[in-house]
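# Topology and contacts: notes
Here's the letter readout for the chains.
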Amino acid sequence: MMREPGDVVDVPDAADIGDPIDIDVGLVFRLDYERGAIERVNDAVTDDVATVTALSSRLIPEIKIGMFHDLAAIVRLPILLSATRTIESSGQAQTVTVGDDQLFSVPFRSPERSGIENLTLGLAWGISNQARNAALPSITVSAEVEIAVGDSMRACVDPPPD
């Protein structure tokens, strides 16, 4: 068991003796939480304007198919289960302006978003594998491309203005 490469560098492969094809199927749940501050600098003094919070959850099905010796194709279809963004006032300004133009007022809440984010296609190549040759490290090179699916996100407020 200790001779097998870890998940990070493991590449499903085909054309091995006694193992003509490898297919790995996986499902990942990912939860991202981000929090930050919007600050304004006036004459070398930093003022807190607002706090930004973003929470998103994704379900990511993945298929890795061994195509040749240490060469695999990767397909992922990330599904955004929920994504929300909020901006809360830091107690000072209720609107954020630039010059005379109002950018937005706080508190600000975007609508909850969900759906398929993109289609990810990629290749992974295991240059060397320590399970095959103990003198070499496990090295993997991979490349992926994300193809957009659906409409682009647009800035909007929840509930929408009249």
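Residues numbered from 1 in each chain as written. Predicted model: local features only at pLDDT ≥ 70, side-chain atom pairs only at ≥ 80, totals over all residues. Heavy atoms only, no water.

Turning our eyes to something else, we now look at the overall build of the protein. Looking only at helices and strands, one finds 0 helices and 10 strands in the protein. Element order for the protein, N to C, with α for helix and β for strand: β-β-β-β-β-β-β-β-β-β. The contacts of the protein with a sequence gap of at least 6 include a subset with a gap of at least 24, amounting to 63%. As displayed, the protein has an accessible area near 11,300 Å², and 57% of this comes from carbon and sulfur atoms. (Helix = DSSP H or I, 4+ residues; strand = E, 2+ residues; numbered from the N terminus. Contact = heavy atoms within 4.5 Å. Areas by Shrake-Rupley, 256 points an atom, 1.4 Å probe, with all protein chains shown as cover.)

Quick look at a nonpolar patch on the surface now. On the surface, a cluster of nonpolar side chains totalling about 1,000 Å² of accessible area is made up of Ile21, Ile23, Val25, Ile63, Ile65, Met67, Phe68, Val75, Leu121, Leu123, Val145 and Ile147. Looking at the nonpolar patch, the elements with two or more residues in it are β1 (23-42), β2 (45-68), β9 (118-128) and β10 (139-148). A per-element tally of the nonpolar patch places β2 first, with 4 residues. Mapping Ile65 onto the fold places it in strand β2. Owing to a relative accessible area of 33%, Ile65 belongs among the partly exposed residues under this scheme. (Patch = residues over 30% accessible without salt bridge, like charges linked within 9 Å, V, L, I, M, F, W, Y side chains within 5 Å. Salt bridge = Lys/Arg side-chain N within 4 Å of Asp/Glu carboxyl O. Buried < 20%, exposed > 50% of the residue type's maximum accessible area, 1.4 Å probe, protein only.)

Our focus in this paragraph is the pattern of salt bridges. Under the criterion given, the structure shown has 5 salt bridges. Here Arg58 and Asp32 are joined by a salt bridge, their closest N and O atoms 3.1 Å apart. Placement of the pair is Arg58 in strand β2 and Asp32 in strand β1, with a sequence separation of 26 residues. A salt bridge links Glu117 to Arg58; its shortest N-O distance comes to 2.7 Å. With Glu117 in the loop between β8 (113-116) and β9 and Arg58 in strand β2, the pair connects residues that are 59 residues apart, well separated along the chain. Linked by salt bridges that have partners in common, Arg30, Asp32, Arg58 and Glu117 make up one network.

Where β1 lies against β2, 20 bridges are found, and the strand directions are antiparallel. The partner of Val41 across the bridge, within β2, is Thr46. Counting the residues in the hairpin turn of β1 and β2 gives 2 residues, including Asp43, whose phi is positive at 50°. (Pairing = 2+ DSSP bridges.)

Here we come to unusual backbone geometry. Even without being glycine, Asp70 reaches a positive phi, approximately 60°. Considering the arrangement of structural elements, one finds Asp70 in the loop between β2 and β3 (71-76). On the basis of relative accessibility, which here comes to 7%, the residue Asp70 falls in the buried class.

As a further point, take the side chain of Ser56. Tracing the backbone through its elements, the reader meets Ser56 in strand β2. On the basis of relative accessibility, which here comes to 11%, the residue Ser56 falls in the buried class. Among the polar contacts made by the side chain of Ser56, one reaches the side chain of Arg58 at a distance of 2.9 Å. (Polar contact = N/O pair within 3.5 Å; in protein donor to acceptor, adjacent residues only side chain to side chain.)

These results come straight from atomic positions and should not be treated as a statement about function.
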